[in-house]
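# Chains, contacts and geometry: an overview
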Amino acid sequence: MKKFAGRVTFAVQRQPEGYGHAVFQTKKFAGGEFVLLGLGDHLFRGRPVSPYRELAQMAAVSSGRSVSAVNRISAGELKGYGTIAGRRRAENPRLIDVSLIIEKPDLATARKKLQVDGLPAETWLGWFGLHLLSPSIYDILEEMIRDDVRDHGEFQLTRAQELQRQREGYLALEMTGAERFDFGVPDDFVRSVQAFSKL
């Protein structure tokens, strides 16, 4: 992981070309190393271990693969998050070998393709908003931009993550002791104000 030594670096996305395009602007900063990506409109809270720290620790078991934090979502939340299919590891059931990643799937697709063992009915695992990305994500994003591979008119990070999974495998870590508050969702914003006002 890159050490910051008290400095801040800005990477500017000059055109609104999508989330993947925005991430690609940080390629020079990443310098060929793993990157821990946290969404700016998400707030995380975990006890006793920070979700950031826990995901960063997964680098030791990732064998060079990307790892994304996931949490349980309902049918009504599918439209807001990348969602995975996969199989849990026997030695650590929270760690999942991902077999498919789809951005904001519809309910029929989720029911048919996005199963993970050990979940209740009508429950899926979606992005938690924290990703530990291996350096090859930048090569894939660069290919997508060069070849104009878009989803809904934009370069999507989730598409790059699925391509990365196909090429080198991908892991997910189910977050069970942490909360995510998504400020892009009005109900979540209200919930975050209520939760943190009690501290």
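Above this text sits the structure in question.
Residues numbered from 1 in each chain as written. Predicted model: local features only at pLDDT ≥ 70, side-chain atom pairs only at ≥ 80, totals over all residues. Heavy atoms only, no water.

A few words now on the overall build of the chain. Counting its secondary structure elements, the chain contains 7 helices and 8 strands. In terms of C-alpha radius of gyration, the chain reaches 17 Å, essentially the compact-globule figure of 16 Å for 199 residues. Considered along the principal axes of its C-alpha atoms, the chain spans approximately 40 × 40 × 35 Å. Taken over 199 residues, the chain has a buried fraction of 43%. The contacts in the chain between residues at least 6 apart in sequence include a share of 73% that link residues at least 24 apart. Counting only carbon and sulfur atoms, one obtains 53% of the accessible surface of the chain, whose full area is about 10800 Å². (Helix = DSSP H or I, 4+ residues; strand = E, 2+ residues; numbered from the N terminus. Rg over C-alpha atoms; globule rule 2.2 N^0.38 Å. Buried < 20%, exposed > 50% of the residue type's maximum accessible area, 1.4 Å probe, protein only. Contact = heavy atoms within 4.5 Å. Areas by Shrake-Rupley, 256 points an atom, 1.4 Å probe, with all protein chains shown as cover.)

Let us look at the nonpolar core. Counting 24 residues, the largest nonpolar core has Ile84, Leu125, Ile137, Tyr138 and Leu141 as the members making the most contacts within it. Put simply, the parts of the chain that give this core at least two residues each are helix H1 (19-24), strand S1 (35-38), strand S5 (92-103), strand S6 (124-133), helix H5 (136-146), helix H6 (157-168) and strand S7 (170-174). Among the elements that make up this core, the one with the highest residue count is H5 (5 residues). Residues Leu132, Leu171, Leu173 and Ala178 belong to the second largest nonpolar core, which totals 13 residues. (Core = buried A, V, L, I, M, F, W, Y, C linked by side-chain atoms within 4.5 Å.)

According to the stated counting rule, one finds 13 salt bridges in the structure shown. A single salt-bridge network, built from bridges that share partners, covers Glu17, Asp148 and Arg150. (Salt bridge = Lys/Arg side-chain N within 4 Å of Asp/Glu carboxyl O.)

What follows concerns the layout of surface pockets. Of the volumes computed, that of the largest pocket is approximately 690 Å³. Lining the largest pocket we find 32 residues, and of these His42, Gly80, Tyr81, Arg180 and Asp182 sit closest to its centre. At the level of secondary structure, the elements contributing two or more residues to the lining of the largest pocket comprise S1, strand S3 (66-73), S6, H6, strand S8 (178-182) and helix H7 (186-196). Looking at which element gives the most residues to the lining of the largest pocket, the answer is S8, with 4 residues. (1 Å grid on protein atoms, 1.4 Å probe; cavity = no way out; pocket = protein on both sides within 12 Å on 5 of 7 lines; lining within 4 Å. Points joined across faces, edges and corners; volume = space filled by probe spheres on them.)

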